Amino acid sequence: MLQGSSWVLSMAFLIIPACLANGLRQCVCDGPGCTNITCQGRKCFVAIDNTDGFTRQTKGCFSIHLMEQCFSSIAGMVVTKCCDSDMCNSNLTIPQNDPEQPMTKNQLQLILIPVLVVFLILLLVALYFCKVKWHYRQRLLTRLNELGETDMLKASIVGDSTLGDLLDDYCTTGSGSGLPFLVQRTVARQITLVECVGKGRYGEVWRGIWQGENVAVKIFSSRDEQSWFRETEIYNTVLLRHENILGFIASDMTSRNSSTQLWLITHYHENGSLYEYLQRTTVDPEGSLLLALSIICGLVHLHVEIFGTQGKPAIAHRDLKSRNILVKKNKQCCIADLGLAVMHSQTSDYLDIGNNPRVGTKRYMAPEVLDETIRTDSFESYKHTDVWAFGLVLWEIARRTVVNGMVEEYKPPFYDVVPSDPSFEDMKKVVCIDQQRPRIPNNWHSDTILSTLAKIMKECWYQSPSARLTALRIKKTLNKLNSPGDNFKQC
Ligand code: ADP
Ligand code: MG
C-alpha cells in the first residue's frame, strides 16, 4: 500500500509535466517525479504523504485524468489541496490537523476499528447483564407464582429458599428494603407458632418456625397498633440491615374472630433480651465491652443519616432499654423495637415523629422528658435521650461484669430509689429534682475497660442534653479499647 501510494504520486509528477495543452497552469514542482522546479497541469497541488509514517509535503501539478485527486487522497494516505492559477501552490500549505483536510481511509480505519471494538464489547456486556437480569426475574416470577398459587392463604413452600436466601435476593436488588408485601404475607401465614418467649407491655413474643427455621413473632395487642404501624413502616421504607439492629423478616395484619391481629416477624435470638441475659449471666470485662460496643454500633447506625441510593434517614429510637436489646449467639447485641422511633432527613429537613400515643419506658426517661422541657421539634433532642438511656444500659452491663472476682447482682437502673413500676412523678423527683444518678462502685476503677465504661456513662447522664456524648463519640472511645484481634471487628 505504501509502495502503491508512492507509485501513484510519482506517476502524477511524471505525467503532468508532459501535458502542454491550453489552459494549463505553471506550478511549483518539488516531488519525487519532478524533473524541473516547475511543472504544467490543469491544477497545481500541494500534498501530504504520510504513508510511511513520516509526513512530507510535496508540490506539483495534476493532469485532467487525476483531477479528482483534488477532492480526496491518493492511494489513501496522501491528502492534497489544489488551486488553479499559475504558481498558486508556491504558498499553498496544508496545516497539520487541517479541519478541511479530508480524512484518509487509513486514518478512518484507525479510529473506526477501536470504536467498533469498544462498541461490540459494550454490546456483549449489556447483553450479558440483560440475560442475568432476565434469569433473575424469571426466578422471582416463579417464586411469586408459587406464592400466588396458594391464594396467599394456604400454606405453601417458597421454593426451597432459606430465609437468608429470600432476604438476600430481595434486599440486594430492587428497592432493597425487604421482602415485597405479598411475600411477607405468605411467609407470615406459613409460620407455626411454637412457644411464647416473652410478654411485653403491649403484646407477646413467640418463637415460630418457618420452613424449619426459628423466627420471632411479635403479636401486638390492638391497643398498640401504632407501634406495629410504625415499626412496619420503618422496616419497609428504610434499608436497616445491620448486624446490630434486629433483622426484619415480615409484617402481617389479619382479621381473626372479628379482631385485628398484627404480627411482626423478625430473626429469633435464643439468648433473649439483654435484660434476661444479664439476670442469668455474668461477663468478663472483654465480654462487657463486646456487648457495649455492639449496642453503640447499632445506635450509631440508627442515628446517622446516610445519603445516596442505599441511604437512610437518621433515626432516634426513643425506647432504648435492656429489654429492647437482644443478645445474639455470638454475644453481640442487636437493637429491637422501633415502634416509637422518629426519623429525620437533613436533605428535606423533615422530622417524622409518627403518630404513636405510646411514650418511652419511664425508668429510662431522660430528665428533659420527665420535666417536659425537651424540644420536641428538634431531632437532636431525641438522639440525646437515646444516649441517656444507653448510659443506663451500660450501667446494667457493668454491674454484671466480674472485676477482681467481684460482681453485683442484676438490678434495673434506679432500683434503689424508685418502686418496681415507677410512676412519671417518681422518676421526675429522682432524676430532675434530686438529680440522682446510678451509683458507680469503686472497684470498677481498677479495670481499664470498666473505668472507661464508668466515665462514658457519667457523660451520658449530664442534665443538659447537649453536654452528653454523642453515640459516635462513644463508639470511637470503645473502638479504641477494643484491641485489634478481639472477636468484634470494629464498626
Ligand atoms: P417490651 O415491650 O418489654 O419491650 P417486647 O414485646 O419487645 O418487650 O419483647 C418481650 C420479650 O420477648 C423480650 O424481652 C424478649 O425476651 C423476647 N423477644 C423479643 N424479641 C425477640 C427475638 N427476636 N428473639 C427472641 N426473643 C425475643
Ligand atoms: Mg419492646
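Report on the accompanying structure. What you are looking at is a predicted structure, and each value in this text was computed from that prediction instead of being measured.

1. A closer look at the coordination of the magnesium ion (ligand 2)
For the magnesium ion (ligand 2), the full set of protein donor atoms is Asn324 (OD1) and Asp337 (OD), and the range of their distances to it is 2.2 to 2.4 Å. Residue Asn324 is found in the loop between strand E12 (314-316) and strand E13 (325-327), and its partner Asp337 is found in the loop between strand E14 (333-335) and strand E15 (342-345); the two are separated by 13 residues along the sequence. Like Asn324, the residue Asp337 is buried in the burial classification.

2. Topic: the state of the cysteines
A complete count under the given rule lists five disulfides for this structure. Bridging Cys29 to Cys34, the disulfide has an S-S length of 1.9 Å. Taking the sign of the S-S torsion, -80 degrees for the link of Cys29 and Cys34, the bridge is left-handed. You'll find Cys29 and Cys34 in the same group, each marked buried.

3. Concerning the sheet that holds E12
With antiparallel pairing, three strands are arranged side by side in an open sheet as E12-E15-E16. Strands with a single pairing partner mark the edges of an open sheet, and in this sheet they are E12 and strand E16 (350-352). In this sheet, adjacent strand axes meet at a mean angle of 20 degrees when their direction is disregarded. Direction of pairing for E15 relative to E16: antiparallel, over a ladder of three bridges. Looking at the pairing, Met343 lines up with Asp352 of E16. Sheet strands touched by helix H9 (residues 379-399): E12, E15 and E16. Its angle to E12, the strand with the most contacts, is close to 50 degrees.

4. Description of the environment of Val417
The topology assignment puts Val417 in the loop between H9 and helix H10 (424-433). Counting along the chain gives 19 residues from Val417 to Gln436, while the straight-line C-alpha distance between them is 8.9 Å. When neighbours within four sequence positions are excluded, Val417 is seen to be in contact with Val430 and Gln436.

5. Points about a nonpolar patch on the surface
Residues Leu108, Leu112, Leu116, Phe119, Leu120, Leu123, Leu124 and Leu127 make up a contiguous nonpolar surface patch of about 780 Å² in total accessible area. Tracing the backbone through its elements, the reader meets Leu116 in helix H2 (residues 105-149).

6. Digging into the site of ligand 1
Neighbouring ligand 1 are 18 residues, the closest being Lys218, His267, His269, Glu276 and Asn324. Note that an oxygen atom of ligand 1 is positioned 3.1 Å from one of the side-chain N or O atoms of Lys218. Separating a nitrogen atom of ligand 1 from a backbone N or O atom of His269 is a distance of 3.0 Å. Here ligand 1, which alone exposes 550 Å², has 92% of that area covered by the protein.

7. Observations concerning the packing of aromatic side chains
What the rule picks out here adds up to five aromatic pairs. For the ring pair Tyr275 and Tyr410, a centre distance of 5.4 Å and an interplane angle of 90 degrees mean the geometry is edge-to-face. One end of the pair, Tyr275, is in helix H6 (residues 274-280); the other, Tyr410, is in the loop between H9 and H10, with 135 residues separating them in the sequence. With relative accessibility at 22%, the residue Tyr275 sits in the partly exposed group. Look at Trp395 and Tyr415: their rings are 6.3 Å apart centre to centre, the planes differ by 25 degrees, and that puts the pair in the stacked class.

8. Some thoughts on the pairing of strand E9 (residues 213-220)
Note that strand E8 (residues 203-210) and E9 share eight bridges and pair antiparallel. Bridging from a neighbouring strand, Trp206 pairs with Val217 of E9. Between E8 and E9, which pair antiparallel one after the other, the connecting turn spans two residues, and Gln211 there sits at a positive phi close to 50 degrees. Of the strand pairs in this sheet, E9 and strand E11 (residues 259-267) are connected by six bridges, and their pairing is antiparallel. In the sheet register, Lys218 faces E11, and the bridge partner there is Leu264.

9. A closer look at the environment of Gly23
With respect to the element layout, Gly23 can be found in the loop between helix H1 (2-15) and strand E1 (25-28). Residue Gly23 is classed as partly exposed on the basis of its relative accessible area of 43%. Taking the C-alpha atoms as reference points, Gly23 and Ser85, separated by 62 residues in sequence, lie 9.8 Å from one another. Residue contacts for Gly23: discarding those within four places in its chain leaves Gly41 and Arg42.

10. Concerning unusual backbone geometry
Phi is positive for Asp337, which is not a glycine, with a value near 65 degrees. Here Asp337 falls in the buried class, since its relative accessible area comes to 8%.

11. Here's the deal with empty space enclosed by the protein
In this structure the tally under the stated criterion is one cavity of 30 Å³ or more. Around the largest cavity, the lining residues are Trp395, Arg399, Phe414, Tyr415, Asp416, Pro438 and Arg439.

12. Topic: the layout of surface pockets
Taken as a whole, the largest pocket encloses approximately 1100 Å³ of empty space. Along its surface, the largest pocket is lined by 44 residues, and Lys199, Gly200, Lys321, Arg323 and Asn324 are the ones closest to its centre. If you list the elements that add at least two residues to the lining of the largest pocket, you get strand E7 (192-200), E8, E9, E11 and H6. Of the residues belonging to the lining of the largest pocket, the class tally is 15 nonpolar, 13 polar and 16 charged.

13. Focus on the pairing of E7
The sheet contact formed by E7 and E8 spans seven bridges and is antiparallel. Note on E8: the bridge partner recorded for Glu195 is Arg207. Following E7, the chain reverses through two residues before pairing antiparallel with E8.

14. Digging into the side chain of Asp252
Position of Asp252 relative to the elements: it lies in strand E10 (residues 248-256). Exposure remark for Asp252: the relative accessible area of 6% places this residue in the buried category. In this structure the side chain of Asp252 is engaged in a polar contact, spanning 3.1 Å, whose partner is the side chain of Arg189. Once you skip the residues sitting within four places of it in the chain, Asp252 turns out to touch Arg185, Ala188, Arg189, Trp228, Gln261, Leu262 and Trp263.

Conventions and cut-offs
- The numbering scheme is per chain: residues are counted from 1 as the chain's sequence reads.
- Note on labels: chains are lettered from A, ligands numbered from 1, in written order.
- Confidence filtering applies because this is a predicted model: local features only for residues at pLDDT of at least 70, side-chain atom pairs given and counted only at 80 or more, and all residues used for totals across whole chains, interfaces and linings.
- Hydrogens and water molecules were not included; the side-chain quantities draw on all heavy atoms of the structure.
- Donor atoms (N, O, S) are those found within 2.8 Å of the metal centre, with the cutoff raised to 3.2 Å for Na, K and Ca; water is not part of the atom list, so apparent gaps in a site can occur.
- The helix count covers DSSP runs of H or I at least four residues long, the strand count covers runs of E at least two residues long, and both are numbered beginning at the N terminus.
- Here the term buried applies to any residue with accessible area under 20% of the maximum for its type, exposed to any over 50%, and partly exposed to those in between, with areas from a 1.4 Å probe on protein chains only.
- By convention in this document, the label disulfide applies to cysteine sulfur atom pairs within 2.5 Å.
- Strand pairing is defined by DSSP finding a minimum of two bridges between the two strands.
- Lines are fitted to the C-alpha atoms to define the axes, a helix being fitted only along its stretch in contact, and any angle between axes, read from their N-to-C directions, falls within 0 to 180 degrees.
- In this description, contact between two residues means that some pair of their heavy atoms is separated by no more than 4.5 Å.
- Within the patch definition used here, like charges are joined within 9 Å and nonpolar side chains (Val, Leu, Ile, Met, Phe, Trp, Tyr) within 5 Å, considering only residues with over 30% relative accessible area and no salt bridge.
- Areas reported here follow the Shrake-Rupley algorithm with a probe of radius 1.4 Å; residue values treat only the protein chains shown as occluding.
- What makes a salt bridge here is a side-chain nitrogen of Lys or Arg within 4 Å of a carboxyl oxygen of Asp or Glu, nothing more.
- Whether a residue is near a molecule or strand is decided by its heavy atoms; if any one of them lies within 4 Å of it, the residue is near.
- Whenever a nitrogen or oxygen atom comes within 3.5 Å of another N or O atom, the pair is scored as a polar contact, on the condition that within protein one atom can donate a hydrogen and the other can accept it, and that pairs from neighbouring residues in sequence are kept only if both atoms are in side chains.
- Aromatic rings from Phe, Tyr and Trp, taking only the six-membered ring of Trp, are treated as a pair when their centres fall within 6.5 Å; an angle between ring planes under 30 degrees marks them as stacked, one over 60 as edge-to-face, and anything in between as tilted.
- Buried and open spaces are told apart on a 1 Å grid over the protein atoms alone, a cavity being a set of points where a 1.4 Å probe fits but cannot get out and a pocket being an open set with protein on both sides within 12 Å along at least five of seven lines. Residues with an atom within 4 Å of a point are the lining residues.
- Grid points are joined across faces, edges and corners, and a volume is the space filled by probe spheres set on the points.
- Charged means Asp, Glu, Lys or Arg here, nonpolar means Ala, Val, Leu, Ile, Met, Phe, Trp, Tyr, Cys or Pro, and polar covers whatever is left, Gly included.

The values are spatial; any link to function lies outside them.
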